[in-house]
Amino acid sequence: MLAAAGDLVELLDVIPERLWYDTGPGSGVRFHVVDGAIAELEECAAGRLVSGHGIGLSLPSDMPLDTELLDTIAELHDRVEFAWYSEHLSSFATMRGAVPNAQAGLGLPVPYDRDVLDFLAVKVTQVQDRLGVRLLMENPALFTPVPDPEMSETEFLNALASRTGCGILLDLHNLYANVRNELVDADQYLAALDLDHVVEIHLAGGSELFGTYTDSHAELTPAPVWELAETWAPSMPALRAIVFEFHESAVDRLGVPALVEEMGRVNELVDRCARPAPAALVGAV
Ligand SMILES: [Fe+2]
């Protein structure tokens, strides 16, 4: 993919947790780093920016920050130098009996209220202080509403960003999934979001699963998502990157030429965005 796309890919958005095995807290030597994978990343990253796109910190879970995982991420940051780091506004880890970090299997929705905002703001600040780069929080794909939220998602994200200085990773395909699942109106959402905080955009494609539209990352970006991106991206003054996310299992079916064409279209959009020019990006998953 990278050989075929060449200069069209200016940044790699990397999932650190894919570069080691984590045997869990209290298991002795917890992290087994796959040096070969990091060496391959370093080779691919030559001449490109790298950002970290984490899936393991589960910051909105009402649990202490996983400082062992954060230390391991910081060690990787020392090697590959993340331009920034992003995480999800979803809970992946849950307390379950004696297991401190049981995995939910998919992102669970966050209750947007003051209590969550307070502890999340503390953890966001801890991560930014430890890594020394800006943390971006990504809007989630929702598969169920949380009844009677104290705040809307945009109010919550705006407040988190202004309180901590973190940025927003705006996943337009997640937003589209929420529109398809009748949970939100895209234009109202984008009008309410403080676009000054948006540093990165995600594009992706999804699929229907048992009557729900999911963010499977198994397809090219659908037309309504392109329309949102083309309408809104040029008015985001802090935008640094537009990333297309795709799952590795979809590559053979989609074909490298189609993915390269997608990168070309991302570059055309980058050219129409605010200066300083953001990097056109490709991500994984
Ligand atoms: Fe995303």
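Treat the numbers as computed from the prediction; the structure is a model and nothing was measured. (Residues numbered from 1 in each chain as written. Predicted model: local features only at pLDDT ≥ 70, side-chain atom pairs only at ≥ 80, totals over all residues. Heavy atoms only, no water.)

### Considering the overall build of the chain
Part 1 of the reasoning: Along the chain, the regular secondary structure elements total 10 helices and 14 strands.
Part 2 of the reasoning: For 285 residues, the compact-globule estimate of 2.2 N^0.38 gives 19 Å, and the chain sits close to it at 18 Å.
Part 3 of the reasoning: Treating the 16 positive side-chain charges of the chain as one cloud and the 45 negative ones as another, the clouds have centres 2 Å apart. (Helix = DSSP H or I, 4+ residues; strand = E, 2+ residues; numbered from the N terminus. Rg over C-alpha atoms; globule rule 2.2 N^0.38 Å. Lys, Arg positive; Asp, Glu negative; His and termini not counted. Charge placed at Lys NZ, Arg CZ, Asp CG, Glu CD.)

### What about the packing of helix α6 (residues 172–180) against helix α8 (residues 223–232)?
Part 1 of the reasoning: The N-to-C vectors of α6 and α8 enclose an angle of 125°; their axes lie 10 Å apart at closest approach. The orientation of α6 with respect to α8, classified from their angle, is oblique. Between α6 and α8 lies a crossing whose hand is right-handed. Residues L172, H173, L175 and Y176 of α6 lie in contact with α8, whose contacting residues are P224, V225, L228 and A229.
Part 2 of the reasoning: In terms of residue class, the contact of α6 with α8 is made up of seven nonpolar, one polar and no charged. (Axes fitted to C-alpha atoms, helices over the stretch in contact; angles between N-to-C directions. Parallel < 35°, antiparallel > 145°, perpendicular 65-115°, else oblique. Left-handed = near helix turned anticlockwise from the far one by under 90°. Contact = heavy atoms within 4.5 Å. Nonpolar A, V, L, I, M, F, W, Y, C, P; charged D, E, K, R; others polar.)

### Brief notes about unusual backbone geometry
Part 1 of the reasoning: With phi around 50°, D148 is a residue other than glycine that occupies positive phi space.
Part 2 of the reasoning: When you line up the elements, D148 lands in the loop between β8 (135–138) and α5 (153–164).
Part 3 of the reasoning: You can call D148 exposed: its relative accessible area is 76%.
Part 4 of the reasoning: Residue E182 is not a glycine yet carries a positive backbone phi of 60°.
Part 5 of the reasoning: Take E182: it is sitting in the loop between α6 and α7 (186–192). (Buried < 20%, exposed > 50% of the residue type's maximum accessible area, 1.4 Å probe, protein only.)

### What about the coordination of the iron ion?
Part 1 of the reasoning: Protein-derived coordination of the iron ion comes from E138 (OE), D171 (OD), H202 (ND1) and E245 (OE), at a distance range of 2.1 to 2.3 Å.
Part 2 of the reasoning: Coordination at the iron ion is irregular, judged from the four donor atoms that bind it and the angles of 83 to 169° they form at the metal.
Part 3 of the reasoning: Counting residues between consecutive donors of the iron ion along the chain gives the motif E-x32-D-x30-H-x42-E. Taken together, the residues D171 in strand β9 (residues 167–171) and E245 in strand β13 (residues 241–246) connect sequence positions 74 residues apart. (Donors = N, O, S within 2.8 Å, 3.2 Å for Na, K, Ca; no water. Tetrahedral: all angles 85-135°; square planar, octahedral: opposite > 155°, others 65-115°.)

### Structural notes on the nonpolar core
Here is a general trend for soluble globular proteins: nonpolar side chains tend to be buried in one another's company.
Part 1 of the reasoning: Counting residues in each nonpolar core, the largest one holds 79 residues, and the members touching the most others are L57, M137, L172, V198, I201, L203 and I242.
Part 2 of the reasoning: At seven residues, the largest contribution of residues to this core is made by helix α4 (residues 114–131).
Part 3 of the reasoning: Setting aside chain neighbours within four positions, we find M137 in contact with L59, E87, H88, L89, L120, V124, L157, L160, C166, G167, I168 and L169. (Core = buried A, V, L, I, M, F, W, Y, C linked by side-chain atoms within 4.5 Å.)

### Points about the packing of α4 against α5
The geometry of a pair of packed helices is captured by two quantities: the angle between their axes and the separation between those axes.
Part 1 of the reasoning: Two elements in contact, α4 and α5, have axes whose closest approach is 10 Å; the angle formed by their N-to-C orientations is 45°. With respect to each other, α4 and α5 are oriented oblique. The hand of the α4/α5 crossing is right-handed. Side by side, α4 and α5 meet where V116, L117, D118, L120, A121, V124, T125 and Q128 of the first sit next to F156, A159, L160, R163 and T164 of the second.
Part 2 of the reasoning: Tallied by class, residues from the contact of α4 with α5 come to eight nonpolar, three polar and two charged.

### Observations concerning the pattern of salt bridges
Part 1 of the reasoning: The full count for this structure, using the stated rule, is 12 salt bridges.
Part 2 of the reasoning: One salt bridge in this structure joins D22 and R30, with 2.8 Å as the shortest N-O distance.
Part 3 of the reasoning: Note on D22: relative accessible area 37%, which makes it partly exposed.
Part 4 of the reasoning: Classification of R30 as buried rests on a relative accessible area of 6%.
Part 5 of the reasoning: One network of salt bridges, in which partners are shared, links D22, R30, D66 and E68. (Salt bridge = Lys/Arg side-chain N within 4 Å of Asp/Glu carboxyl O.)

### Thoughts on α6
Part 1 of the reasoning: Most of α6 sits inside the fold, with seven of its nine residues counted as buried.
Part 2 of the reasoning: Its side-chain oxygen placed 2.9 Å from the backbone nitrogen of H173, D171 serves as the N-cap of α6. (Polar contact = N/O pair within 3.5 Å; in protein donor to acceptor, adjacent residues only side chain to side chain.)

### Quick look at the pairing of strand β5 (residues 85–88)
Strand residues, when the strand is regular, have side chains that alternate between the two faces of the sheet.
Part 1 of the reasoning: Of the two faces of β5, the one holding Y85 and E87 and the one holding S86 and H88 are both buried throughout.
Part 2 of the reasoning: Bridging between strand β4 (residues 49–53) and β5 involves two bridges; their strand directions are parallel. Across the sheet, G52 pairs through a bridge with Y85, a residue of β5.
Part 3 of the reasoning: As defined by bridge partners, β5 adjoins β8 across four bridges and the pair is classed as parallel. Along β8, the bridge assignment pairs E87 with M137. (Pairing = 2+ DSSP bridges.)

### Side note on a negative patch on the surface
Part 1 of the reasoning: On the surface, D7, E10, E268 and D271 cluster together to form a negatively charged patch.
Part 2 of the reasoning: Within the secondary structure layout, E268 lies in helix α10 (residues 256–271).
Part 3 of the reasoning: What makes E268 exposed here is its relative accessible area of 55%. (Patch = residues over 30% accessible without salt bridge, like charges linked within 9 Å, V, L, I, M, F, W, Y side chains within 5 Å. Areas by Shrake-Rupley, 256 points an atom, 1.4 Å probe, with all protein chains shown as cover.)

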